[in-house]
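Residue-level structure breakdown
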Amino acid sequence: MITVEEFQAEAHDWLATNGHDAPRDYGAICPPALVEAGLAWHRRVNAAGYAGIHWPVEHGGRGLTPEHNAAWLLECALAGVPPIFNMVGLVLTGGALLRYGTDEQKAQHLAATLAGDHVWCQLFSEPGAGSDLGGLATKAERDGDRFVVNGQKVWCSGGRYSNWGILMARTDPEAKKHEGISFFVFPMHLPGVEIRPLKQMTGEAEFDEVFFTDVQLPADHLIGPLHGGWGVGMSVLTNERGHIGTAVIGLERRLEAMARMADGKELHPVERQRLATLLTTGQAYKAMAQRQGPQAGTAASLMKLGITEMMFTSSMLRGDLSGADAMLEGPESFAMLAAPGGRIAGGTSQVQRNIIGERLLGLPREPKA
Ligand SMILES: Cc1cc2nc3c(=O)[nH]c(=O)nc-3n(C[C@H](O)[C@H](O)[C@H](O)COP(=O)(O)OP(=O)(O)OC[C@H]3O[C@@H](n4cnc5c(N)ncnc54)[C@H](O)[C@@H]3O)c2cc1C
């Protein structure tokens, strides 16, 4: 097997030749305006063997290790290009299918996802179920060889441009809250699905509300055990936090960008102190990321919390340093308006602190109301 160092050198050279054709690095979710460019880039990345790096060869992957994949993420961060187009497809759905999918389900979706033919969104959150996802109310009732789906999802990133979704829905309303949920792959174009854009305070509309009215979902779209979807969903969310956390691997570049905030400016001592705090915190997270490696685990919550809080603080400092300009339309105000979303997506900072307290530090569980 090619060593991580050899692979990384190969990836570095490939990006040096091809990286100029990539769209800007849009983070975890591609905004609707960049979909065409993002997909074209992804197809090129896949053809060159850099998508599904640690997926099995029989499903279109390269059969290498998570460490090789982390090396790709690092090289992309250094080159300032997006490593993949569809995080929900490659990280969340891919992870769920590889662990819980049947051979038929893997054959139907994995290679097509790598090829960019199946583009995925995440249908988890509801108006009454976000942090407490176990409270979800969307129903999938068994009727012969189908499930009939009724309900509503919200905050679905990329819903409009996805042709597949991963859906968590209640299949046993009588069971305890976490025991009556199932996990499905869901074709977004089924009759009875209505997708409505939601506008954010940045002015963009990156996510959607999705409504289901008597949607007939074939029963073989169930992933994992019937009523056992909670475990599938939780493993998916751990992968998501791990992926957000591995953005730390590219931290060097972010730290450089942060340090450049001071370029050409006479900083007030308080601002200088804020910047120094950010840069030293960033170094600490970098060291933690290197020690932890690319595997997602409970420690993923530490990284998710750390990086999103740091990016929030950095956006606010950048705004403060720009003075009155930050009130005008431009990159500073956009960054300030977009930053709070990072602290919410993939589980809020408060929820990460609960996970860290209870599962990593072994503190008493918070009282249940
Ligand atoms: C940019 C972005 C993209 C997203 N993309 C998707 C997507 O594609 N698919 C999807 O399904 N969802 C998506 N979401 C939704 C996201 O997962 C939820 O917003 C998040 O889980 C929080 O749920 P909520 O908004 O219902 O807030 P709530 O759960 O109602 O929380 C409200 C406040 O209460 C706090 N809180 C709640 N419970 C506790 C507790 N036990 N202890 C302490 N504080 C608590 C929270 O931290 C928060 O401050 C996205 C969100 C954002 C911002």
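Thresholds applied
Residues numbered from 1 in each chain as written. Predicted model: local features only at pLDDT ≥ 70, side-chain atom pairs only at ≥ 80, totals over all residues. Helix = DSSP H or I, 4+ residues; strand = E, 2+ residues; numbered from the N terminus. Rg over C-alpha atoms; globule rule 2.2 N^0.38 Å. Buried ≥ 20, exposed ≤ 12 C-beta atoms within 10 Å, placed from the backbone. Contact = placed C-beta atoms within 7 Å. Pairing = 2+ DSSP bridges. Near = placed C-beta within 6 Å. Domains from an automatic or database assignment. Nonpolar A, V, L, I, M, F, W, Y, C, P; charged D, E, K, R; others polar. Core = buried A, V, L, I, M, F, W, Y, C linked by C-beta atoms within 7 Å. Axes fitted to C-alpha atoms, helices over the stretch in contact; angles between N-to-C directions. Parallel < 35°, antiparallel > 145°, perpendicular 65-115°, else oblique. Left-handed = near helix turned anticlockwise from the far one by under 90°.

**So, the overall build of the protein chain**
Counting its regular elements, the protein chain contains 11 helices and 8 strands. Scaling as 2.2 N^0.38, a compact globule of 369 residues should have a C-alpha radius of gyration of about 21 Å, and the protein chain matches this with 21 Å. Burial status across the protein chain gives 41% buried among its 369 residues. Long-range contacts, defined here as pairs at least 24 residues apart, represent 71% of the contacts in the protein chain between residues at least 6 apart.

**Some thoughts on the pairing of strand E2 (residues 139–143)**
Summarising the sheet, E2 and strand E3 (residues 146–157) pair through 5 bridges and their orientation is antiparallel. Each residue of the ladder has a partner; that of Arg142, found in E3, is Phe147. Between the antiparallel neighbours E2 and E3 lie 2 residues, among them Gly144 with a positive phi of about 65 degrees.

**Section: the site of the ligand**
Close contacts around the ligand come from 18 residues, with Phe124, Gly130, Ser131, Thr348 and Gln350 the closest. Both domains that furnish three or more residues to the shell around the ligand are identified here as domain 2 (120–227) and domain 3 (232–360).

**Comments concerning the domain arrangement of the protein chain**
For the protein chain, the assigned domains read domain 1 (4–114), domain 2 (120–227) and domain 3 (232–360). Look at where the C-alpha atoms of domain 1 and domain 2 centre, and you get two points 25 Å apart. Taken together, the contact between domain 1 and domain 2 spans 17 residues of the former and 14 residues of the latter. In terms of residues, the side of domain 1 that touches domain 2 owes the most to one element, helix H4 (residues 87–100), which gives 7 residues. Broken down by class, the residue content of the side of domain 1 that touches domain 2 amounts to 10 nonpolar, 7 polar and no charged.

**Points about the environment of Gly130**
Here Gly130 is to be found in the loop between strand E1 (120–123) and E2. Judged by the 17 C-beta atoms lying within 10 Å of it, Gly130 is partly exposed. Taking the C-alpha atoms as reference, Gly130 lies 40 Å from Asp263; in sequence the two are 133 residues apart.

**Some points on the nonpolar core**
When a protein is soluble and globular, its nonpolar side chains tend to lie buried together. Within the largest apolar cluster, 65 residues are counted, with the highest numbers of intra-cluster contacts made by Ala96, Leu123, Ile166, Phe184, Phe186 and Ile223. Of the residues that make up this core, three or more belong to each of domain 1 (4–114) and domain 2 (120–227). In contact with Phe186, other than residues within four places in its own chain, are Leu123, Trp164, Gly165, Ile166, Leu167, Leu217 and His221. Counting residues in hydrophobic clusters, the runner-up holds 16 residues, among them Leu255, Met258, Leu302 and Leu305.

**Comments concerning the packing of helix H7 (residues 251–260) against helix H8 (residues 269–292)**
Two quantities define a packed helix pair, namely the angle between the axes and the distance from one axis to the other. One can describe the packing of H7 onto H8 by two numbers: an axis separation of 10 Å at closest approach and a directional angle of 175 degrees. For the element pair H7 / H8, the angle class is roughly antiparallel. Contact residues: H7 offers Leu251, Glu252, Arg254, Leu255, Met258 and Ala259, while H8 offers Leu278, Leu279, Gly282, Tyr285, Lys286 and Ala289. Split by residue class, the contact of H7 with H8 holds 8 nonpolar, 1 polar and 3 charged.

**Description of the packing of H4 against helix H5 (residues 103–114)**
In contact at an axis separation of 10 Å, H4 and H5 are set at 160 degrees when each is read in the N-to-C sense. One element, H4, and the other, H5, form an angle in the roughly antiparallel class. Every pair of crossing elements has a handedness; the one defined by H4 and H5 is left-handed. For the pair H4 and H5, contact is made by Gly89, Leu90, Thr93, Gly94 and Leu97 and by Gln105, Lys106, His109, Leu110 and Thr113, respectively.

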